[in-house]
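What follows is each chain in one-letter form.
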Amino acid sequence: MLRLALKRSLRLGPAVSDTPSAAMVASRGYHERVVDHYNNPRNVGSFDKEDPNVGTGLVGAPACGDVMKLQIKVDEDSGKIVDACFKTFGCGSAIASSSVATEWVKGKQMEEVLTIKNTEIAKHLSLPPVKLHCSMLAEDAIKAAVKDYELKKAKAAPKQE
Amino acid sequence: MARNLIRRLPILYQNHPHRLFSSATAAVAPSPSPSPSPTDEEIVEMKGVKVSGRPLYMDMQATTPVDPRVLDAMLPFYLSRFGNPHSRTHLYGWESEAAVETARAQVASLIGANPKEIFFTSGATECNNISVKGVMRFYRDKKRHVITTQTEHKCVLDSCRHLQQEGFEPLEEIGRICREKGVPFHTDGAQALGKIPIDVEKMGIALMSLSGHKIYGPKGVGALYLRRRPRVRVEPQMSGGGQERGIRSGTVPTPLVVGMGAACEIAAKEMEYDTRRVTSLQERLLNGIRSRLDEVVVNGSMEHRYPGNLNLSFAYVEGESLLMGLKEVAVSSGSACTSASLEPSYVLRALGVDEDMAHTSIRFGIGRFTTEAEIDRAIELTVQQVEKLRNMSPLYEMAKAGIDLKSIQWAQH
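Residues numbered from 1 in each chain as written. Chains lettered and ligands numbered in written order. Predicted model: local features only at pLDDT ≥ 70, side-chain atom pairs only at ≥ 80, totals over all residues. Heavy atoms only, no water.

**Notes on helix α14 (residues 372-391) of chain B**
One turn of an α-helix holds 3.6 residues; hence residues three or four places apart share an orientation.
Logical step 1: Here α14 of chain B contains 20 residues, and its C-alpha end-to-end distance of 29 Å stays within 8% of the 28 Å for a straight helix at 1.5 Å per residue.
Logical step 2: Along α14 of chain B, the positions that sit buried rather than exposed are E374, I375, R377, A378, I379, L381, T382, V383, Q385, V386, L389 and R390 of chain B. (Helix = DSSP H or I, 4+ residues; strand = E, 2+ residues; numbered from the N terminus. Expected span 1.5 Å × (residues − 1). Buried < 20%, exposed > 50% of the residue type's maximum accessible area, 1.4 Å probe, protein only.)

Dropping the structure here:
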């Protein structure tokens with residue numbers, strides 16, 4: 001009798017987890033875009049910092065657990081960003097945010113990218129409230145990169161005269 | 001080791017089509033082989049993460065699998081001998097009570113105590129609450145201070161904080177001379193039970209919290225050790241029918257208690273063997289990782305540590321992102337209990353780990369059922385992920401270029 005009851009109970013129960021219910025998927029977890037950016041990061045790399053066409057933005061702090069370095073390569077004549085790359089020390093959401101940032105700045109004018117808002121990045125990645133600061137840091141990184149490029153240009157300009 | 005256990009399992013498990021997979025299943029499979037893509041049954045998707053097969057389990061400090069021998073001991077008490085141990089009038093109650101008392105003796109024997117000093121509860125958290133609040137409230141008219149350490153579990157610290165609101169004063173060091181001074185010494189033995197030899201007489205312990213699910217027993221049960229000589233009095237935190245000598249009311253859950261007792265007995269027999277095995281596995285893991293990666297720091301002392309716990313920091317790599325990549329290995333970053341907050345683990349901070357390194361730590365938990373194949377796979381996966389993340393890390397790049405990270409003025413936001 002014991003054996004039968006046990007067999008019955010074991011057969012009813014799944015051995016490996018079955019498909020998650022809608023409730024589970026909706027609860028906090030990584031959005032598939034975040035996972036995608038983490039597994040296949042776009043534009044990881046470094047440009048030469050000394051290159052006059054490169055602007056480098058370094059934001060965050062190791063003590064906070066988030067550091068982003070975002071670099072842009074600008075075409076001198078048109079003011080368009082032709083290439084971008086990043087490196088990030090941070091959680092999956094931070095990596096995804098900076099990866100998205102590099103994708104979005106490519107091919108745009110510098111004034112245009114300054115209008116990229118952290119809320120747009122957060123929405124694109126469905127970031128939960130606790131990870132919103134990652135998108136803010138990405139926005140800061142873009143601004144810092146642009147500012148760095150402008151500073152470089154300003155310093156170089158008087159020399160050209 | 002796992003194979004031995006499967007042989008020991010009752011025939012039921014072996015003949016069943018959906019045989020319970022051991023955690024070695026996903027582990028032993030070699031890395032990227034050109035095999036056909038796993039069928040839908042094998043891919044597990046949860047919280048946006050896809051894993052093929054169950055991850056190998058290396059988080060023994062969070063919880064442990066139930067030893068099949070413990071489950072064997074428990075099952076009859078769910079199905080046929082299911083009486084309430086407090087029923088005094090029939091066989092069902094008597095046999096249930098006898099089982100509870102046997103379990104009580106098994107737990108007591110593991111820590112060198114008298115069975116009359118063991119009280120069953122729902123877990124170590126409840127024990128900690130009874131110990132801290134119970135003792136303090138009982139003696140509230142005589143003494144009003146508590147001494148605790150920074151590395152205690154959240155429930156102990158929270159209980160102390162509660163008492164602070166009731167007017168008790170906290171002090172910050174721990175004293176070993178407690179017994180001589182007549183100060184009750186409580187210790188949270190949840191992680192230690194069954195892994196290191198405990199003798200309450202030798203260690204001068206007055207109260208101890210024990211947890212079932214940390215020693216390959218069931219979840220939902222714990223035991224509180226309360227010294228009789230000299231007697232330690234507590235104010236009960238659960239009011240009701242006066243079970244467990246008035247210390248903790250509520251029907252004693254016989255199957256769970258029997259499970260805990262069986263787990264203790266097994267632990268007593270196998271402690272030495274387990275320790276040797278786990279130590280060698282820990283060395284294998286550490287050497288395996290260190291031989292392929294540099295700048296790996298072990299958090300906490302190497303000499304005074306339980307060998308099944310390896311807490312490593314990988315410089316320049318953030319812990320949560322590493323965990324995201326290690327989805328084929330179940331590990332944790334710091335301690336599970338404070339996972340809801342963004343701050344680095346307070347335990348690590350108390351151990352003196354630098355703030356920026358505290359964000360980089362991973363805790364590997366090795367136990368009785370961990371196999372060498374799992375360790376090797378864990379090494380492989382960890383090294384792969386750390387290398388990938390270091391390539392993505394600006395800090396690693398700067399360090400390799402010779403920049404001293406501590407000298408940089410970071411732009412905080």
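Right, picking up where we left off after that structure.
**A few points about the confidence of the model for chain A**
Residue and element names in this part refer to chain A.
Logical step 1: Per-residue pLDDT for chain A has a mean of 79; in total, 79% of the residues score no lower than 70.
Logical step 2: Least confident of the elements in chain A is helix α2 (residues 22-26), whose mean pLDDT is 32; most confident is strand β3 (residues 81-89), at 92.
Logical step 3: Taken as a whole, residues 12-28 scores under 50 in pLDDT and shows eleven contacts with residues more than four places along the chain or in a different chain. (pLDDT = per-residue confidence, 0-100. Contact = heavy atoms within 4.5 Å.)

**Re the confidence of the model for chain B**
All names here are of chain B.
Logical step 1: The predicted model of chain B averages 80 in pLDDT, with 75% of residues at 70 or higher.
Logical step 2: A low-confidence stretch, residues 8-36 stays under pLDDT 50, and its non-local contacts, those more than four residues away or across chains, total 37 contacts.
Logical step 3: Between residues 170-176, whose pLDDT stays under 50, and residues either more than four places distant or in other chains, the model counts eleven contacts.
Logical step 4: Complex prediction metrics read pTM 0.74 and ipTM 0.73.

**Here we look at the pairing of strand β8 (residues 207-211) of chain B**
Residue and element names in this part refer to chain B.
Logical step 1: Most of β8 sits inside the fold, with five of its five residues counted as buried.
Logical step 2: Direction of pairing for strand β7 (residues 186-188) relative to β8: parallel, over a ladder of three bridges. Of the residues in β8, the one forming a bridge with T187 is M208.
Logical step 3: Where β8 lies against strand β9 (residues 222-226), five bridges are found, and the strand directions are antiparallel. Bridged to S209 within β9 is L224. (Pairing = 2+ DSSP bridges.)

**Comments concerning unusual backbone geometry**
Logical step 1: P230 of chain B follows R229 of chain B through a cis peptide bond whose omega is 0°.
Logical step 2: Structurally, P230 of chain B is set in the loop between β9 and α10 (254-292).
Logical step 3: The phi angle at S126 of chain A is positive, at roughly 50°, despite the residue not being glycine.
Logical step 4: Topologically, S126 of chain A is positioned in the loop between α6 (118-125) and α7 (132-160).

**Thoughts on the pattern of salt bridges**
Residue and element names in this part refer to chain A.
Logical step 1: Enumeration according to the criterion identifies 24 salt bridges over all chains in this entry.
Logical step 2: Between D83 and K106 there is a salt bridge whose closest N-O contact spans 3.6 Å. Here the residue D83 occupies a position in strand β3, and K106 occupies one in the loop between α4 (92-105) and α5 (110-113), the gap between them amounting to 23 residues.
Logical step 3: With a relative accessible area of 34%, K106 lands in the partly exposed category.
Logical step 4: In this structure, K143 and E139 form a salt bridge, with 2.5 Å as the shortest nitrogen-oxygen distance. Of this pair, K143 and E139 both sit in helix α7, four residues apart, which is roughly one turn of the helix. (Salt bridge = Lys/Arg side-chain N within 4 Å of Asp/Glu carboxyl O.)

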